[in-house]
Amino acid sequence: MLERYNKETSQIHAPADLIQRTKEAMRAEEARLQQAASANAADRAVQGGYMGKARRWALPLTAAAAVVILVSVSTVMQSVKNDSSMAGDMASPESGADSDMLLSEGESDMPLQFANEDSVAEAAVESNEAVAQDAMPEEEKKAGMEKYEAPAEESVEEETESAEAENFAETENFAEDKFAEASDHVEAGPAEASKSTGVVGIAVTEVDEAPAFCDSADTEQVTFHNVLFYVSQEDSGEICAYAEVNDKRYLITGESMEQEELLEKAYAFLVKEMKPQR
Amino acid sequence: MTKERITAESVIDRYADMVYRLALSQMKNQTDADDLFQEVFVRLVSHVQELESWEHVKAWLIRVTINCAKKHYEQYWNRNVDYMEEPERLSDNAQSYEIEEEHPVRAAVQKLPPKYRLVVHLYYFEQLSVREIATLTGQGESTVKSQMHRAREMLKNLVRDEL
């Protein structure tokens, strides 16, 4: 029976048209596969080229980014350091004394309050210059130091004015912020540190302790507009007075004037001092 | 001795009848057998490079034909339609498949369930061993043997009735 099955089955042949159609379908499939393979190869080439370029640039770009970050961080740190050093300069007694000395020598007719602001601004400008000089070459730095050390009044004024013009906004705010610190610093400074009174004919010096003449028997105690003055007349004709206002001690000296005139001028100055500071 | 290069064209020239007979034994109509035949050889195009010998080619063609037929029956539509269809529809295409009266044994084999048809065709016509059939179908040898035994019993009854 199964031999007969084999005989019957062997008589079956695949139709020629089916074989032909199948061959055509196979050729179409072959062409499609080749096209897909070439497209894939092209895609791989494009991707490989792009990825290769990306990989080639990845390391330098990363390194450059790291360098930029390091430079920016170091710049920020440098500026912070400079700010702190500038604050240190402001707080140092010597610089304050220098600025006050310059002012007392050159601008004795300027009101005390504004003179202090200017001194603070000047100190700020000086510290900025110092920062700039750090970055200068050595010769330029020396030239700058010479210019800085020149005691001429004109150069000081020019520096101050130019600094005010250039850094007006910054300096004014900065001076306002630092004014209280500067005043405290003057208190803590040496007794010899003096201020311009802004009043013609007298000199007012803020001192730490009451002068010796206060304990002298020749010293008069005069109350002028509720302010107690210790007044001493020197042999040279100079009049010295001492007063305490708002927990501050002032030594007032005047020449060629009467005691009452000196007290009036001193009182006028002290009234200004007693006004609330900006 | 130069090794013969195996191409898709040479494979179809050599094994077209084998695949076509196997497809007819698995499908219940001429159209599905034709579709299965084409699908097997189109698949061959992308795998012909991997085939190293003609024995390998033959085994590959039988395995792919079986798998495609299984996939055909696993589809919901074909599963339902095939159960409703009668094997007589195989005789619709008189050009490629003779009428049932001229091939009574073959008509009886076509009435067997597909898995029995397969083992009968592979064992008696393709002359494959039980082990080879087990390997190609992914079944155990004992399973193949039991399927052969049941197929023979069913054929006896069918042929007795037909004849």
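Scroll up a little and you will see the structure.
Calculation rules
Residues numbered from 1 in each chain as written. Chains lettered and ligands numbered in written order. Predicted model: local features only at pLDDT ≥ 70, side-chain atom pairs only at ≥ 80, totals over all residues. Heavy atoms only, no water. Helix = DSSP H or I, 4+ residues; strand = E, 2+ residues; numbered from the N terminus. Buried < 20%, exposed > 50% of the residue type's maximum accessible area, 1.4 Å probe, protein only. Contact = heavy atoms within 4.5 Å. Areas by Shrake-Rupley, 256 points an atom, 1.4 Å probe, with all protein chains shown as cover. Core = buried A, V, L, I, M, F, W, Y, C linked by side-chain atoms within 4.5 Å. Phe/Tyr/Trp six-rings, centres within 6.5 Å; stacked < 30°, edge-to-face > 60°. Lys NZ or Arg CZ within 6 Å of the ring centre and 35° of its normal. Expected span 1.5 Å × (residues − 1). Polar contact = N/O pair within 3.5 Å; in protein donor to acceptor, adjacent residues only side chain to side chain. Disulfide = S-S within 2.5 Å. Pairing = 2+ DSSP bridges. Axes fitted to C-alpha atoms, helices over the stretch in contact; angles between N-to-C directions. Left-handed = near helix turned anticlockwise from the far one by under 90°. Nonpolar A, V, L, I, M, F, W, Y, C, P; charged D, E, K, R; others polar. Buried area = accessible area lost by both parts, 1.4 Å probe. Salt bridge = Lys/Arg side-chain N within 4 Å of Asp/Glu carboxyl O.

Colleague: I tried to follow the overall build of chain A on my own but got confused; where do I start?
Modeller: Within chain A, the regular secondary structure consists of 8 helices and 6 strands. Going from the N terminus to the C terminus, chain A shows its helices and strands as α-α-α-α-α-α-α-β-β-β-β-β-β-α. Burial status across chain A gives 33% buried among its 278 residues. In chain A, once contacts between residues fewer than 6 apart in sequence are set aside, the share between residues at least 24 apart is 56%. Counting every atom, chain A has about 17,600 Å² of accessible surface; 54% of that belongs to carbon and sulfur.

Colleague: Would you mind going over the nonpolar core with me for this structure?
Modeller: Soluble globular proteins tend to bury their nonpolar side chains together. All names here are of chain B. Val11, Phe37, Phe41, Leu61 and Val120 are the most contacted members of the largest nonpolar core, which totals 60 residues. The dominant element in this core, judged by the number of residues it contributes, is helix 1 (residues 8–26), at 11 residues. The contacts of Leu61, once residues within four sequence positions are left out, are Val11, Tyr15, Met18, Val19, Val40 and Phe41.

Colleague: Can you walk me through the packing of aromatic side chains in this structure?
Modeller: Aromatic rings in a pair are described by how distant their centres are and how their planes are angled relative to each other. Scanning all chains against the criterion turns up 7 aromatic pairs over all chains. Here the guanidinium or amino end of Arg14 of chain B rests over the ring plane of Trp54 of chain B, the centre of that ring lying 4.3 Å away.

Colleague: Just checking my understanding: could you explain helix 3 (residues 54–74) of chain B for this structure?
Modeller: The periodicity of an α-helix, 3.6 residues per turn, causes residues three or four places apart in sequence to face the same way. Over its 21 residues, helix 3 of chain B extends 30 Å from the first C-alpha to the last, a length consistent with the 30 Å expected when each residue adds 1.5 Å. Within helix 3 of chain B, the full set of buried residues consists of Trp54, Val57, Trp60, Leu61, Ile62, Val64, Thr65, Ile66, Cys68, Ala69, His72 and Tyr73 of chain B.

Colleague: Whenever I open this one, the side chain of Asn29 of chain B confuses me. Can you help?
Modeller: Residues and elements named next belong to chain B. For Asn29, the location among the structural elements is in the loop between helix 1 and helix 2 (30–47). Taking relative accessible area as the criterion, Asn29 reaches 10% and is therefore assigned buried. For Asn29, the side chain forms a polar contact with the main-chain nitrogen of Thr31, separated by 3.2 Å.

Colleague: Can you walk me through the state of the cysteines in this structure?
Modeller: Linking two cysteines covalently through their sulfur atoms gives a disulfide. Enumeration over the complete set of coordinates arrives at 0 disulfides over all chains. The thiol sulfur of Cys214 of chain A is not disulfide-bonded, and the nearest other cysteine sulfur, from Cys240 of chain A, lies at 9.9 Å.

Colleague: Mind showing me how you'd approach the pairing of strand 4 (residues 227–233) of chain A here?
Modeller: Working note: regular strand, side chains alternate between the two faces of the sheet. All names here are of chain A. Where strand 3 (residues 220–224) meets strand 4, 5 bridges bridge the pair, whose relative direction is antiparallel. Counterpart to Thr223 in the pairing with strand 4 is Leu228. Where strand 4 and strand 5 (residues 239–245) come together, 5 bridges link them in antiparallel fashion. The partner of Ser232 across the bridge, within strand 5, is Cys240. Taking the residues that link successive antiparallel strands as the turn, the strand 4-strand 5 hairpin has 5 residues, and the phi of Gly237 there is positive, at about 95°.

Colleague: I tried to follow the packing of helix 1 of chain B against helix 2 of chain B on my own but got confused; where do I start?
Modeller: Two numbers describe a pair of packed helices, the interaxial angle and the distance between the axes. Residues and elements named next belong to chain B. At a minimum axis separation of 10 Å, helix 1 and helix 2 run at an interaxial angle of 145°. Our pair here, helix 1 against helix 2, has a crossing hand that is right-handed. Seen from helix 1, the contacting residues are Ala8, Val11, Ile12, Tyr15, Ala16, Val19, Tyr20, Ala23 and Leu24; seen from helix 2, they are Gln30, Ala33, Asp34, Leu36, Phe37, Val40, Phe41, Leu44 and Val45. Residue classes in the contact of helix 1 with helix 2 are distributed as 16 nonpolar, 1 polar and 1 charged.

Colleague: Would you mind showing me how to read the interface of chain B and chain A here?
Modeller: Where the parts come together, the accessible area they lose is often given as the size of the interface. Counting from both sides, the interface comprises 34 residues of chain B and, opposite them, 24 residues of chain A. Summing both partners gives a buried area of about 2,700 Å² for chain B against chain A, and 69% of it is carried by carbon and sulfur. Of all residues in chain B, Gln38, Val45 and Val105 of chain B bury the most surface against chain A, accounting for 18% of the area lost on that side. The shortest N-O distance in the salt bridge between Glu9 of chain B and Arg27 of chain A comes to 3.3 Å.

Colleague: How should the pattern of salt bridges be read in this particular structure?
Modeller: Summed over the entire model, instances satisfying the criterion amount to 12 salt bridges over all chains. Linking Glu261 of chain A and Lys265 of chain A is a salt bridge whose minimum nitrogen-to-oxygen distance equals 3.2 Å. Of this pair, Glu261 of chain A and Lys265 of chain A both sit in helix 8 (residues 259–274), 4 residues apart, roughly one helical turn. With a relative accessible area of 33%, Glu261 of chain A lands in the partly exposed category. Put simply, Glu39 of chain B and Arg43 of chain B hold a salt bridge, and the shortest N to O gap is 3.4 Å. With Glu39 of chain B and Arg43 of chain B both in helix 2 and 4 residues apart, this pair spans about one turn of that helix. Taking relative accessible area as the criterion, Glu39 of chain B reaches 28% and is therefore assigned partly exposed.

Colleague: In this structure, what is going on with the side chain of Gln26 of chain B? I would like to understand it.
Modeller: Summarising the element assignment, Gln26 of chain B is placed in helix 1. Residue Gln26 of chain B is classed as buried on the basis of its relative accessible area of 5%.

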